[in-house]
Amino acid sequence: MLGSNVFNLAAMIGLSAIVCGGVRIRREALAVEGAVGVAATLIVSTLVLELLGAWATLGLLAVVLVPYLVLLGLGSDRSPRPFRRFFGEPHRPDHALAHGERVLVPALMLLPALAIIVAGSTGMVDAGLRLAGRWSVPDVIVGIVVLAILTSLPNAFTAVRLALQGRGSALVSETLNSNTTNLVVGVSVPALFVAVGSTSALTGFDLGWLLLLNVVVLALLARTRGVGRSAGAAILLLYAVFVAVQIVAEST
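Source: prediction; values computed, not measured. (Residues numbered from 1 in each chain as written. Predicted model: local features only at pLDDT ≥ 70, side-chain atom pairs only at ≥ 80, totals over all residues. Heavy atoms only, no water.)

**Student:** I'd like a description of the packing of helix α1 (residues 2–20) against helix α8 (residues 229–251), backed by residues and values.
**Tutor:** Contact geometry for α1 and α8: axes closest at 8 Å, N-to-C directions at 155°. On the basis of their axis angle, the class for α1 and α8 is roughly antiparallel. Judged by the sense of rotation from one axis to the other, the crossing of α1 with α8 is left-handed. Of the residues that constitute the contact of α1 with α8, the class distribution is 16 nonpolar, three polar and one charged. (Axes fitted to C-alpha atoms, helices over the stretch in contact; angles between N-to-C directions. Helix = DSSP H or I, 4+ residues; strand = E, 2+ residues; numbered from the N terminus. Parallel < 35°, antiparallel > 145°, perpendicular 65-115°, else oblique. Left-handed = near helix turned anticlockwise from the far one by under 90°. Nonpolar A, V, L, I, M, F, W, Y, C, P; charged D, E, K, R; others polar.)

The structure is reproduced here in structure tokens:
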């Protein structure tokens, strides 16, 4: 789960910046999205490190996420004036749908698209596990590196499309919200029913590296020119260091 979040940040923002020439985001969007994303990561980190229980963690997450969801529900027209630019750049679709198509077309496309994503991800994960078993790749590497990359490929593809459209705010929102969803649904909610598991030095490193990468990405986005190609390469390099540590830790 932590490996997937680290890869999300690297691929969705770093790779998008390299492919598309840069990622820029409005300051209002960066402030809100960054604050929510980092706060959620810190709160779940206390759960993983056994500093807080599951119920206390979910309570703190609710304090952070409920106002954020309310703001999203209000939209740019009804939200308070200081938050109106938070909703990012306007979307200009390649093809304008007629009035009757605006609901029908997305509804008809939703299920086939979801089926393709699920089937494709399942196939890639199954193939990755089979190849890893055949080549005797350690389970830790399979989980933190191989599966993290394979399950995040649809997000990375979407991120590149958003970057090509110049929708940096939507790209960053998707990246951080995807990571927050992973932490809530994949860690916090299951912790109500099963133990999170014993922590180790490597777990502490993974949490620290995830927080570090969050801070680095947000700092780069805060620049006037945003994340350019060189900064995107630096983000991918930080992910490469993360992978190298996992491999070294497994081999010792």
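Next, the rest of the story.
**Student:** Account for helix α3 (residues 54–78), naming residues and giving values.
**Tutor:** The end-to-end C-alpha distance of α3, which contains 25 residues, comes to 34 Å, matching closely the 36 Å that a straight helix rising 1.5 Å per residue would cover. If you look at α3, its biggest bend is around 45°, right at Leu 72. Every buried residue of α3 is accounted for by Ala 54, Thr 57, Leu 58, Leu 61, Leu 65, Tyr 68, Leu 71 and Gly 75. (Expected span 1.5 Å × (residues − 1). Bend = angle between axes of the 7 residues up to and from the residue. Buried < 20%, exposed > 50% of the residue type's maximum accessible area, 1.4 Å probe, protein only.)

**Student:** Now, about the nonpolar core: what can you tell me, with residues and values included?
**Tutor:** In terms of nonpolar packing, the biggest core is built from 52 residues, with Ile 13, Leu 61, Leu 221, Val 227 and Ile 235 touching the most fellow members. Every element with two or more residues in this core is listed here: α1, α2 (27–48), α3, α5 (139–164), α6 (168–188), α7 (201–221) and α8. In this structure Ile 235 touches Leu 9, Ala 10, Ile 13, Gly 14, Leu 213, Val 217, Leu 220 and Val 227, once residues within four positions along its chain are discounted. (Core = buried A, V, L, I, M, F, W, Y, C linked by side-chain atoms within 4.5 Å. Contact = heavy atoms within 4.5 Å.)

Geometric values such as these leave the question of function open.
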